[in-house]
Amino acid sequence: MSAQHNIFISHRHEDDALVGDLKKMLAGSGAEIRDSSITSETPNNAKSPDYIRTLLADQIRWAGKIIVIISPDTKNHEWVDWEIEYARKFPDKRIVGVWAPGTTHHDMPESLEDYANAIVNWDAQAIIDALDGKDNWTEPSGAPAPVQSIPRAAC
């Protein structure tokens with residue numbers, strides 16, 4: 001059984017349903033997940049970009065690990081990119097990308113490719129292994145992909 005994980009799930013709000021699906025899948029595989037993500041179920045109702053950044057920063061700092069759901073258009077989403085860039089400032093924070101069903105390698109945000117510890121397909125055990133510290137790199141299909149080096153520095 002996996003250890004308890006405090007996570008923040010970075011995603012586009014259009015992908016809120018995937019956040020729920022991901023948490024159900026992980027719980028069904030025995031993972032204990034505590035999630036600080038902001039979704040339509042836990043909205044922040046903020047309008048000011050500066051205030052939104054403050055809220056997100058607090059949630060990301062709390063989380064020990066960051067999961068980034070990679071779906072079509074994730075690479076073009078400014079908030080997902082900001083969340084990845086913010087999380088990378090903490091060398092002890094694990095960043096795990098998860099390919100959503102139906103995505104291709106072209107959907108990956110550049111910052112995630114640069115800073116992720118692992119990128120795995122939509123598979124509970126692969127995600128749990130990545131959260132537990134295994135540096136897996138797969139294509140959306142689950143086929144192995146080359147491991148990327150991670151340039152991290154504390155700010």
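Above this text you will find the structure in question.
Since this is a predicted model, take the numbers as computed values, not measurements. (Residues numbered from 1 in each chain as written. Predicted model: local features only at pLDDT ≥ 70, side-chain atom pairs only at ≥ 80, totals over all residues. Heavy atoms only, no water.)

Draft legend 1. Representation of the sheet that holds strand E3 (residues 65-70). Strand order in the open sheet formed by five strands is E2-E1-E3-E4-E5, with parallel pairing between adjacent strands. Looking at the sheet topology across the chains shown, the edges are occupied by strand E2 (32-35) and strand E5 (118-120). Going across the sheet, the axis of each strand differs from the next one's by a mean of 30°, ignoring polarity. The sheet contact formed by strand E1 (residues 4-10) and E3 spans four bridges and is parallel. (Pairing = 2+ DSSP bridges. Helix = DSSP H or I, 4+ residues; strand = E, 2+ residues; numbered from the N terminus. Axes fitted to C-alpha atoms, helices over the stretch in contact; angles between N-to-C directions.)

Draft legend 2. Inspection of the packing of aromatic side chains at higher detail. Following the criterion strictly, the structure yields three aromatic pairs and no others. Ring plane angle 70° and centroid distance 6.3 Å describe the contact between Trp 79 and Trp 82, whose orientation is recorded as edge-to-face. A residue pair is termed a helical-turn pair when its members lie 3 or 4 positions apart in one helix, as Trp 79 and Trp 82 do in helix H3 (residues 78-87) at three residues. Since its relative accessible area comes to 23%, Trp 82 is described here as partly exposed. Judged by centre distance (5.1 Å) and plane angle (10°), the ring pair of Trp 82 and Tyr 86 falls under stacked. On the criterion of helical spacing, the pair formed by Trp 82 and Tyr 86 is a turn pair, its members being four residues apart in helix H3. Among the aromatic residues, those joined into a cluster by ring pairs are Trp 79, Trp 82, Tyr 86 and Phe 90. Positioned over the ring face of Phe 90 is Lys 93, at 5.4 Å from the centre of the ring. (Phe/Tyr/Trp six-rings, centres within 6.5 Å; stacked < 30°, edge-to-face > 60°. Buried < 20%, exposed > 50% of the residue type's maximum accessible area, 1.4 Å probe, protein only. Lys NZ or Arg CZ within 6 Å of the ring centre and 35° of its normal.)

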